[in-house]
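Secondary and tertiary structure notes
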Amino acid sequence: MTASFPWYDLAPVRWANDTIWRAVGLGGALDRWTPVEQQWRADDLIVSQACGLDLFLADAPIEPVLAPVFELDCEEGSYYSYLVGAREGVAAVNSLSSRSGFTALLTVCEPCSLIVTGSHQASLAAVREGRADMACIDAVTWGILERGAPSEVEGLPVLDRTCPAPAPPYVVRRGGGGDVAHLISNALQAESTKCAREALLLRGAIPATIDDYAPILAEHHYALSLTT
């Protein structure tokens, strides 16, 4: 059985993801070792999480079933990023298939070059250490680190906030997962997960389909066109 909530499984809140998974009630433990691209292709995939862009760019047999609802001042099921550091120079991006770290960045500034870091935390480190001048960090990651690992964001100025977009969905193997979506939705409303949800800035989840994420792909193509 393969299950994970990788997008916000930062060290300060791993206990929170474990708490929510226990409340789902399917047993086993969350997979923190298998690369997510491999998880998405596993025959025994129960649930994972993906960036909205990965639904289109990863060529994996997955589909969204739920969009997380965060404690953010935007529409339910959406999120946004912060531009931190500077507005010009070298940009650190977590992935070229990341809406929050790459596409969102191109909508608010024009970096002269990019370095790909592999994670938002690594992008923040690159800016702190002077290897990059700027990064776009999704607001949930920023909020979790601000409370649980403040040294990772301390001293980095927030210069801008990007437009909201559909939040990283919970995904299942294509053509299945209705029961799992129901179990996750219930777990995200259970009293036993209240503290965990607060730690993850998570209020619940709403149903999601691939069509809900089409604007992310359109935004991605538009942002790329600005660089040519």
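Going by the structure above, here's the rest.
Residues numbered from 1 in each chain as written. Predicted model: local features only at pLDDT ≥ 70, side-chain atom pairs only at ≥ 80, totals over all residues. Heavy atoms only, no water.

**Description of empty space enclosed by the protein**
Over the atoms, a rolling probe the size of a water molecule traces out where space has been left empty. Under the defined criterion, the tally for this structure stands at 1 cavity of 30 Å³ or more. Among the elements of the structure, helix H1 (14-24) and strand S3 (62-70) are those that each provide at least two residues to the lining of the largest cavity. Counted by class, the lining of the largest cavity contains 8 nonpolar, 2 polar and no charged residues. (1 Å grid on protein atoms, 1.4 Å probe; cavity = no way out; pocket = protein on both sides within 12 Å on 5 of 7 lines; lining within 4 Å. Points joined across faces, edges and corners; volume = space filled by probe spheres on them. Helix = DSSP H or I, 4+ residues; strand = E, 2+ residues; numbered from the N terminus. Nonpolar A, V, L, I, M, F, W, Y, C, P; charged D, E, K, R; others polar.)

**Side note on the layout of surface pockets**
Size it by volume and the largest pocket reaches roughly 740 Å³. Along the wall of the largest pocket there are 31 residues; nearest its centre are Pro 6, Trp 7, Val 36, Gly 118 and Ser 119. For the lining of the largest pocket, the secondary-structure elements that each account for two or more residues are helix H2 (36-39) and helix H5 (120-128). Here the lining of the largest pocket gets 3 residues from one element, more than from any other, and that element is H2. Its boundaries defined by the atoms lining it, the second largest pocket holds a volume of some 170 Å³. Among the elements of the structure, helix H4 (99-108) and strand S7 (113-116) are those that each provide at least two residues to the lining of the second largest pocket.

**Looking at the pattern of salt bridges**
Going through the model one piece at a time under the given rule, you end up with 9 salt bridges. Of the charged contacts in the structure, one is a salt bridge between Asp 73 and Arg 161, with a shortest N-O distance of 3.0 Å. In this pair, Asp 73 is assigned in the loop between S3 and strand S4 (78-79) and Arg 161 in strand S9 (residues 158-161), connecting sequence segments 88 residues apart. (Salt bridge = Lys/Arg side-chain N within 4 Å of Asp/Glu carboxyl O.)

**With respect to a nonpolar patch on the surface**
A cluster of nonpolar side chains, Leu 96, Leu 114 and Val 116, forms an exposed patch at the surface whose accessible area comes to about 260 Å². Mapped onto the elements of the fold, Leu 96 is located in the loop between strand S6 (90-93) and H4. Assessed through its relative accessible area of 45%, Leu 96 is described here as partly exposed. (Patch = residues over 30% accessible without salt bridge, like charges linked within 9 Å, V, L, I, M, F, W, Y side chains within 5 Å. Areas by Shrake-Rupley, 256 points an atom, 1.4 Å probe, with all protein chains shown as cover. Buried < 20%, exposed > 50% of the residue type's maximum accessible area, 1.4 Å probe, protein only.)

**Points about the packing of aromatic side chains**
Taken as a whole and assessed by the stated rule, the structure comprises 6 aromatic pairs. Arranged with centres 5.6 Å apart and planes meeting at 75°, the rings of Phe 5 and Tyr 170 form a pair that is edge-to-face. Taken together, the positions of Phe 5 in the loop between strand S1 (2-3) and H1 and Tyr 170 in strand S11 (residues 170-173) put the pair 165 residues apart, joining distant regions of the chain. An identical accessibility class is assigned to Phe 5 and Tyr 170; each is buried. Seen from their ring centres, Tyr 80 and Tyr 82 are 5.7 Å apart, and the 75° between their planes marks the pair as edge-to-face. Classification of Tyr 80 by relative accessible area gives buried; the value is 3%. Taken together, the ring pairs connect Phe 5, Trp 21 and Tyr 170 into an aromatic cluster. Its guanidinium or amino end placed over the ring of Tyr 80, Arg 161 lies 3.8 Å from that ring's centre, counting from NZ or CZ. (Phe/Tyr/Trp six-rings, centres within 6.5 Å; stacked < 30°, edge-to-face > 60°. Lys NZ or Arg CZ within 6 Å of the ring centre and 35° of its normal.)

**Brief notes about helix H7 (residues 178-187)**
Every α-helical turn comprises 3.6 residues, leaving residues that sit three or four positions apart pointing alike. For H7, every residue scored as buried is listed here: Val 180, Ala 181, Ile 184 and Ala 187. Around the axis of H7, the buried residues are gathered within 125° of arc, so they sit on the same side. Turned more than 90 degrees away from the buried face of H7, the exposed residues are Gly 178, Asp 179 and His 182. (Arc of directions from axis to C-beta.)

**Things to note about unusual backbone geometry**
Located in the positive-phi region is Asp 59, a residue other than glycine, with phi close to 50°. Within the secondary structure, Asp 59 sits in the loop between helix H3 (54-57) and S3. Among the residues examined, Asp 59 registers a relative accessible area of 70% and is labelled exposed. Even without a glycine there, the phi angle at Leu 201 is positive, about 55°.

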